[in-house]
Amino acid sequence: MWLCFPLLFSCGETKQETSEEQKDTVVAKQPVSAPIMAKYGTRLQKIVKSDTGILRGINFGDDVEKVKESENTAPLEDSTDHLGYRIDLGNYEDLDVRYHLNPKQQVWGFTMDIYLDEQSSVDSLFSDFRNYFSERFGTNNFDNQRNMLAWNIADSLKVIVKDVGIKQAPGLQVQMMNLKGTKQDNNKSPVQ
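Residues numbered from 1 in each chain as written. Predicted model: local features only at pLDDT ≥ 70, side-chain atom pairs only at ≥ 80, totals over all residues. Heavy atoms only, no water.

Digging into the pattern of salt bridges
Line of reasoning, step 1. One pass over the structure, following the stated rule, counts eight salt bridges.
Line of reasoning, step 2. In this structure, Glu-135 engages Lys-39 in a salt bridge whose closest nitrogen and oxygen atoms are separated by 2.6 Å. In this pair, Glu-135 is assigned in helix H5 (residues 119–137) and Lys-39 in the loop between helix H2 (34–38) and helix H3 (42–48), connecting sequence segments 96 residues apart.
Line of reasoning, step 3. Taking the relative accessible area as the measure of exposure, Glu-135 reaches 34% and is therefore partly exposed. (Salt bridge = Lys/Arg side-chain N within 4 Å of Asp/Glu carboxyl O. Helix = DSSP H or I, 4+ residues; strand = E, 2+ residues; numbered from the N terminus. Buried < 20%, exposed > 50% of the residue type's maximum accessible area, 1.4 Å probe, protein only.)

Re helix H4 (residues 64–71)
Line of reasoning, step 1. Within the sequence span of H4, burial applies to Val-64, Val-67 and Glu-71. An end-on view of H4 places all buried positions within 60 degrees of arc, on one side of the element. Turned more than 90 degrees away from the buried face of H4, the exposed residues are Glu-65 and Glu-69.
Line of reasoning, step 2. On its buried face, H4 is in contact with strand E2 (82–90), strand E3 (93–101) and strand E4 (107–115). (Arc of directions from axis to C-beta. Contact = heavy atoms within 4.5 Å.)

A look at the packing of aromatic side chains
Line of reasoning, step 1. Considering all chains together, one arrives at eight aromatic pairs under this definition.
Line of reasoning, step 2. Ring geometry for Tyr-99 against Phe-110: centres 5.5 Å apart, planes inclined by 70 degrees, an arrangement best described as edge-to-face. Linking Tyr-99 in strand E3 with Phe-110 in strand E4, this pair joins segments that are eleven residues apart in sequence. Both residues of the pair, Tyr-99 and Phe-110, count as buried. (Phe/Tyr/Trp six-rings, centres within 6.5 Å; stacked < 30°, edge-to-face > 60°.)

Notes on the nonpolar core
Line of reasoning, step 1. Residues Tyr-99, Phe-110, Ile-114, Phe-129, Phe-133 and Met-176 are the most contacted members of the largest nonpolar core, which totals 40 residues.
Line of reasoning, step 2. Counting residues per element, this core draws most heavily on H5, at seven residues. (Core = buried A, V, L, I, M, F, W, Y, C linked by side-chain atoms within 4.5 Å.)

Here we look at the pairing of strand E8 (residues 171–178)
Line of reasoning, step 1. Here E8 lies mainly inside the structure; eight of its eight residues are buried.
Line of reasoning, step 2. In the sheet, E4 pairs with E8 via seven bridges, with the strands oriented antiparallel. Within E8, the residue paired with Thr-111 across the bridge is Gln-175.
Line of reasoning, step 3. In this sheet, E8 lies alongside strand E7 (residues 157–163) in antiparallel orientation, the contact comprising seven bridges. When the sheet's bridge partners are listed, Ile-160 is paired in E8 with Gln-175. (Pairing = 2+ DSSP bridges.)

Regarding H5
Line of reasoning, step 1. Look at H5: 26 Å from first C-alpha to last across 19 residues, which is about the 27 Å you get at 1.5 Å a residue.
Line of reasoning, step 2. Phi turns positive one or two residues past the end of H5, at Gly-138, with a value near 100 degrees. (Expected span 1.5 Å × (residues − 1).)

A look at unusual backbone geometry
Line of reasoning, step 1. The backbone phi angle of Tyr-92 is positive, close to 60 degrees, even though this residue is not glycine.
Line of reasoning, step 2. With respect to the helices and strands, the residue Tyr-92 is situated in the loop between E2 and E3.
Line of reasoning, step 3. Judged by relative accessible area, which is 83%, Tyr-92 ranks as exposed.
Line of reasoning, step 4. With a phi angle near 65 degrees, Gln-105 is a residue other than glycine that sits in the positive phi range.
Line of reasoning, step 5. Within the fold, Gln-105 resides in the loop between E3 and E4.
Line of reasoning, step 6. Under the relative-accessibility criterion, Gln-105 is labelled partly exposed at 28%.

Details of the side chain of Asp-128
Line of reasoning, step 1. Take Asp-128: it is sitting in helix H5.
Line of reasoning, step 2. Buried and unpaired, Asp-128 has no salt bridge, with Arg-43 as the nearest side chain of opposite charge at 6.3 Å.
Line of reasoning, step 3. Those residues in contact with Asp-128 that sit more than four places away from it in its chain are Tyr-40, Gly-41 and Leu-44. (Lys, Arg positive; Asp, Glu negative; His and termini not counted.)

Comments concerning the sheet that holds strand E6 (residues 148–153)
Line of reasoning, step 1. Taken in spatial order, the eight strands line up as E1-E2-E3-E4-E8-E7-E6-E5 in an open sheet, and their pairing is antiparallel. Since the sheet does not close on itself, it has two edges, and those belong to strand E1 (77–78) and strand E5 (142–143), each with one partner.
Line of reasoning, step 2. Along the sheet face, H4 touches E1, E2, E3 and E4 and points at about 15 degrees away from the line of E2. (Axes fitted to C-alpha atoms, helices over the stretch in contact; angles between N-to-C directions.)

The structure is reproduced here in structure tokens:
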């Protein structure tokens, strides 16, 4: 009889530990800063995709397989130095996103070309990017008050948002790159 009591007691502890572990796992999977993106329109949410990572749930240094898993579709471009995807934003608007890769097949930069249907959409999205990136990275370092914003974060992360559209083809370009570590392994820059 005394042997059964310790056995039952230890089983109870194991179940409690297991349920606590499961509880921690669920909490850890939730994005820490989910409320940031929720403040912005669905267009920005489709483009940025997640507040986790640097962009679209991807961090600098993540490998090609993680990018492919995250995008969950076959890339339109798949080379040794970049992966490219086209995302339909709806209303005849598209996003082309390129993940720039170092020789180790790890992400060191992002370029997004965003094709919009009218200039008012460009202006609205430009404003959303200004506010969103300022909230994530702090005040921008450059704003020419017309068509370009830039953030320099700790001399390693560079973020540029540009209105690159013309009257017949409105759009934006967003570039994000890590200037330390992985870029040094790759002489090609996503900035043109």
